[in-house]
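Topology and contacts: notes
Now for the letters of each chain:
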Amino acid sequence: MDGAEALLESLKREGVDVLFGISGGAILPIYDALGKQEDIWSILTRHEQGAGHMAEGYARATGRVGVCMGTSGPGATNLVTAITDAFMDSTPIVVITGQVATPNIGKDAFQECDTFGITMPVVKHNYLVRRSSDIPRIVKEAFYLARTGRPGPVLIDIPKDISAGPLDQFLYPETVNLRGYNPNLPAATEQIKAAAKLIAEARQPVLYVGNGINAAGAADELLKLAEKIDAPVTTTLLGRGGFPAGHQLSLDMLGMHGTAYANWAVHEADLLIALGARFDDRVTGDPKAFAPNAKVIHVDIDSAELGKIRFAQVPILGDVKSVINQLTEVVAPKKHTQWLERIDEWKKAAPLTYENTGTGKLKPQQVIAELNKATDGEAIVTTDVGQHQMWAAQYYNPKRTRSFITSGGLGTMGYGYPAAIGAKVGCIDREVWCITGDGSFQMNLQELATGVLYDIPVKIALLNNSSLGMVRQWQKMFYERRWSGIDLSRCPDFAKLAEAYSATGVTITEADEVADAIREAQKNPGTVLLNFMTDAEEDVFPMIPGGKTVHDMVLDSSNKAVPIPGSNGNGLDGATATATASTYTSEWTDDINAGKKKI
Amino acid sequence: MSETTTEIIKSNVPPQADNMMMENGVPTIVSNGVGLPAVNVMSGNEQLHTISILVENQPGVLARVSHVFARRGFNIESLAVSRTEDPTVSRMTVVVAGDDEAFTQMGKQLLKLIDVIKVIDHTRDDLVGRELALIKVKADAAARNEIMQIASVFRANLVDISEDTLMVEMTGKTDKVDAIQRMLEKFEILELVRTGLIVLVRGPKQT
Ligand SMILES: Cc1cc2nc3c(=O)[nH]c(=O)nc-3n(C[C@H](O)[C@H](O)[C@H](O)COP(=O)(O)OP(=O)(O)OC[C@H]3O[C@@H](n4cnc5c(N)ncnc54)[C@H](O)[C@@H]3O)c2cc1C
Ligand SMILES: Cc1ncc(C[n+]2csc(CCOP(=O)(O)OP(=O)(O)O)c2C)c(N)n1
């Protein structure tokens, strides 16, 4: 047996049956071994970044560890974005890279790069393998590290002479021995009691739920707790699906583009129960003004998150699933009738809406709402990054955990489509949609070849606004409409492009065609790209500008900050309109049409 | 931010793994908690912290650790690394300057590294701390005597001599080493090297 065979045998022991990657010189021994076996399905992607995001999508949808591969040098550097993305969003993946042969390391050999050094800051852990006989132990450790504790990416860099070199015998270890790593600390019972006390005392509690719920598979447990203590639930972007949207206690997403009622509830809360969420700045805005009246219970499996951004009266270190179970057991049932009535008023006062101008322009929000209807919130949805991502978060209401897969922390354009392929590979029986933008899709559209070749039928809803919409919105709101570097109006014809890849492509321009087009796509057994030509002036609301507070939240394009309905005025006096009064008034499409310049 | 309910979490001592100390149910960098606070107050909240980091004796581990310091903007004042009584474990003794809050956060980030076994903050420890310095001083015949006198006052050794130079070997606490260095400056220090501080906790207690 050689190192490559030992690697594949180890992967099988870890239950791996699929991996994504691209071959090359330094990883040839491993691809040679892959070709000689049939237990692991090796999916050839068109770019290593695609392979990385596929592994991520697979992991996020299934809860299992995703695996991707690339050769040394450019193969490895192409993987770095996906590795960083997985690091930021705590996605469990194992990355295997080829490396030049040991004697050549450090000599600027052909396609050599210091993968170990380059990836060190963006992995949970990494290895440069020095002996073929170490491979089984290292693989065992890598999978253990990737999936336990706070999940994350682990990289194994294997020099060519090590993958080609012989092993005397193959011994797969039963256990790992990592004395510097102890992810299974039971939560302190004292802390559970302290939390229960705060919950009992609270009159206006809010559960602030993050990615940890989906990672821990704790959605059912959360539902029980929320109902028992009768507390409203808001999720982060990455927590979507962790609590059933449409539930009476659901406040939907909070934060920069969260719902007004979620942000108001958080602001007025006297107790914030943070479950597997890390107080990201897209959530808190100005952290000093975030949930200013609330005591905090913060449950996280990573001790470095506790107290990092926000002081917690009761920090609880532990797996959120078991902590929720413990909490549910000790808390007494509660009713918060008044509080929930107040929230219902907010829901009525400021629901998610968009202006239907009657101009006949296709509204991007409508597309997502129709998609939500057609799938009944049961599909797995992945997104790219930008306005379409926010509308997806607002108007797609996932009913199930692990079903809303998006790049939150790194915000990687180009994530959506490969992640959808990975999700579909992991959940072949489920309907998978990728909601993307014309900018993002062009960052990894080459994977259409992968999707079609391997018959991994993902449906793509492309919201085509002929621009880098999210950037355009910021230029409109904060840079006095000085358009710069946003024009995508000379895009390829995406429907034709899909056809060129032997997928189905359809362009939709009219509002009344949307539902039909989605239904047709659902019936189609193959890869379908729906190119929705949407209103290019549409912006995402509500919005709390970066670093600001709930008092700066604007609900529509009037850009007027709104006071909290029925608030006792607590800190309200400072309400200000945020967007700079603009000296320019033209919309960007006017400027384009006037042929002003290439923007 | 209200901190009125901190008292409810003071009392508990949760189960701990042997590589971690816990504070309020949260792992923290270990502090042995004896002796006088050996804290140097710098400008603002900046303090000098002496910490020991026990790490796996593995390639790359120094890079991992120093990256954490660099990312958080901590300047390493001194760093000494060596194997310990257990050859698979290395000990890093690090003196860093930084404010307390950032220091705590950085300690947790260090603990997250898989190769880091233990992080010990010596802020409140009763320590034996030593540094070794080799100081090459310009010394013609006229200066030699005075330099030898200074060395003997500091109990430093003379380890090399040439026509024009003397080399002084000084072991002691950081301030002693600073002091002899200052005394020798007037003769012109040609070259100087210091190991950085190494520490062990006094008595049977483990460092
Ligand atoms: C254009 C754009 C706009 C955005 N706008 C918003 C917005 O309006 N609102 C919003 O919410 N986000 C928004 N985001 C996303 C935002 O940047 C963050 O990625 C997101 O808020 C982080 O969510 P999180 O804290 O739930 O997840 P993570 O960052 O993944 O953190 C999860 C936490 O859970 C912990 N954890 C993991 N597993 C467990 C376990 N088993 N038990 C206990 N704890 C566990 C982890 O240690 C971690 O601390 C936006 C992103 C983009 C790109
Ligand atoms: C790789 C990468 N480059 C740049 C950005 C900055 N960025 C954030 S959103 C955005 C525009 C996205 O445009 P598009 O995909 O068309 O989506 P839209 O906002 O129009 O819906 C850009 C450029 C990013 N997030 N990722």
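Some details on the overall build of chain A
- Each helix and strand counted, chain A has 23 helices and 18 strands in total.
- Whereas a compact globule of 599 residues would reach a radius of gyration of roughly 25 Å, chain A reaches 25 Å, a difference of no more than 12%.
- Taken along its principal axes, the extent of the C-alpha atoms in chain A is 75 × 65 × 45 Å.
- Out of the 599 residues belonging to chain A, those deemed buried represent 61%.
- Considering only contacts within chain A whose residues lie at least 6 apart along the sequence, 75% involve residues at least 24 apart.

Re the domain arrangement of chain B
All names here are of chain B.
- For chain B, the assigned domains read domain 1 (6–125) and domain 2 (128–201).
- On the side of domain 2, 7 residues touch domain 1, which itself brings 11 residues to the contact.
- Summed over both partners, the interface of domain 1 with domain 2 buries about 580 Å², with 70% contributed by carbon and sulfur atoms.
- Viewed at the interface, domain 2 and domain 1 are joined by 0 salt bridges.
- Where domain 1 touches domain 2, the interface holds 1 residue pair in polar contact (both at pLDDT 80 or more).
- Contributing elements (two or more residues each) for the side of domain 1 that touches domain 2: β5 (46–56), β6 (75–83) and β7 (89–99).
- Across the side of domain 1 that touches domain 2, the residue classes break down as 3 nonpolar, 6 polar and 2 charged.

Considerations on the packing of aromatic side chains
All names here are of chain A.
- Tallying each qualifying case throughout the model produces 14 aromatic pairs over all chains.
- Geometrically, the ring pair formed by Phe20 and Tyr58 is edge-to-face, given 6.5 Å between the ring centres and 65° between the ring planes. Of the two residues, Phe20 sits in strand β1 (residues 18–21) while Tyr58 sits in helix α3 (residues 48–62), which places them 38 residues apart along the sequence. Of the two residues examined, Phe20 and Tyr58, each falls in the buried class.
- With a centroid separation of 5.9 Å and an interplanar angle of 65°, the aromatic rings of Trp41 and Tyr454 are classed as edge-to-face.

Considerations on the site of ligand 2
Residue and element names in this part refer to chain A.
- Residues in contact with ligand 2 amount to 17 residues; listed here are only the nearest, Gln387, Gly411, Gly439, Ser440 and Gly469.
- The separation between an oxygen atom of ligand 2 and a polar main-chain atom of Gln387 is 2.8 Å.
- Gly469 has a polar backbone atom sitting 2.8 Å from an oxygen atom of ligand 2.
- Burial of ligand 2 by the surrounding chains reaches 76%, relative to a free accessible area of 590 Å².

With respect to empty space enclosed by the protein
Residue and element names in this part refer to chain A.
- Under the counting rule described, the total for this entry stands at 3 cavities of 30 Å³ or more.
- Forming the boundary of the largest cavity are 20 residues, of which Val283, Thr284, Phe290, Ile544 and Val550 lie nearest the centre.
- For the lining of the largest cavity, the secondary structure elements donating two or more residues are α11 (260–268) and α12 (281–284).
- A total of 4 residues in the lining of the largest cavity trace back to one element, the largest contributor, which is α12.
- When its residues are assigned to classes, the lining of the largest cavity shows 9 nonpolar, 8 polar and 3 charged.

What about helix α15 (residues 364–375) of chain A?
Residue and element names in this part refer to chain A.
- A rise of 1.5 Å per residue sets the reference length of α15, with its 12 residues, at 16 Å; its end C-alpha atoms lie 17 Å apart and thus fit the reference within 8%.
- For α15, the buried fraction is high: 9 of the 12 residues fall into the buried class.
- For α15, every residue scored as buried is listed here: Pro364, Gln365, Gln366, Val367, Ile368, Glu370, Leu371, Asn372 and Thr375.
- Looking at the buried positions of α15, the neighbouring elements they touch are α16 (387–395), β15 (432–437), β16 (459–464), α22 (514–523) and β18 (528–533).
- Looking one or two residues beyond α15, the residue adopting positive phi is Asp376, at roughly 55°.

Structural notes on the confidence of the model for chain A
- Averaged over chain A, the pLDDT score is 94; the fraction of residues at 70 or greater is 96%.
- Below pLDDT 50 for its whole length, residues 570–582 of chain A participates in 27 contacts with residues either more than four positions away or in separate chains.

Remarks on the sheet that holds strand β6 (residues 153–159) of chain A
Residue and element names in this part refer to chain A.
- Taken in spatial order, the 6 strands make up an open sheet running β2-β1-β3-β4-β6-β5, and their pairing is parallel. For this open sheet the edge positions go to β2 (41–44) and β5 (125–128), each flanked by a neighbour on one side alone. Here the average twist between neighbouring strands, direction ignored, is 20°.
- Bridging between strand β4 (residues 93–99) and β6 involves 7 bridges; their strand directions are parallel. Among the inter-strand pairings, Gly98 is bridged to a residue of β6, identified as Ile158.

Let's talk about the pairing of strand β9 (residues 127–138) of chain B
All names here are of chain B.
- Side chains of β9 alternate between two faces, with Leu127, Gly129, Glu131, Ala133, Ile135 and Val137 buried and Val128, Arg130, Leu132, Leu134, Lys136 and Lys138 left unburied.
- In this sheet, strand β13 (residues 198–201) lies alongside β9 in antiparallel orientation, the contact comprising 4 bridges. Looking at the pairing, Gly129 lines up with Val199 of β13.
- Here 8 bridges tie β9 to strand β11 (residues 165–172), and the two strands are oriented antiparallel to one another. Looking across to β11, one finds that Ala133 is bridged to Met170.
- For β9 and strand β12 (residues 189–194), the ladder comprises 5 bridges, and the chain directions are antiparallel. Counterpart to Val137 in the pairing with β12 is Ile189.

What counts, and at which threshold
Residues numbered from 1 in each chain as written. Chains lettered and ligands numbered in written order. Predicted model: local features only at pLDDT ≥ 70, side-chain atom pairs only at ≥ 80, totals over all residues. Heavy atoms only, no water. Helix = DSSP H or I, 4+ residues; strand = E, 2+ residues; numbered from the N terminus. Rg over C-alpha atoms; globule rule 2.2 N^0.38 Å. Buried < 20%, exposed > 50% of the residue type's maximum accessible area, 1.4 Å probe, protein only. Contact = heavy atoms within 4.5 Å. Domains from an automatic or database assignment. Buried area = accessible area lost by both parts, 1.4 Å probe. Salt bridge = Lys/Arg side-chain N within 4 Å of Asp/Glu carboxyl O. Polar contact = N/O pair within 3.5 Å; in protein donor to acceptor, adjacent residues only side chain to side chain. Nonpolar A, V, L, I, M, F, W, Y, C, P; charged D, E, K, R; others polar. Phe/Tyr/Trp six-rings, centres within 6.5 Å; stacked < 30°, edge-to-face > 60°. Near = heavy atom within 4 Å. Areas by Shrake-Rupley, 256 points an atom, 1.4 Å probe, with all protein chains shown as cover. 1 Å grid on protein atoms, 1.4 Å probe; cavity = no way out; pocket = protein on both sides within 12 Å on 5 of 7 lines; lining within 4 Å. Points joined across faces, edges and corners; volume = space filled by probe spheres on them. Expected span 1.5 Å × (residues − 1). pLDDT = per-residue confidence, 0-100. Pairing = 2+ DSSP bridges. Axes fitted to C-alpha atoms, helices over the stretch in contact; angles between N-to-C directions.

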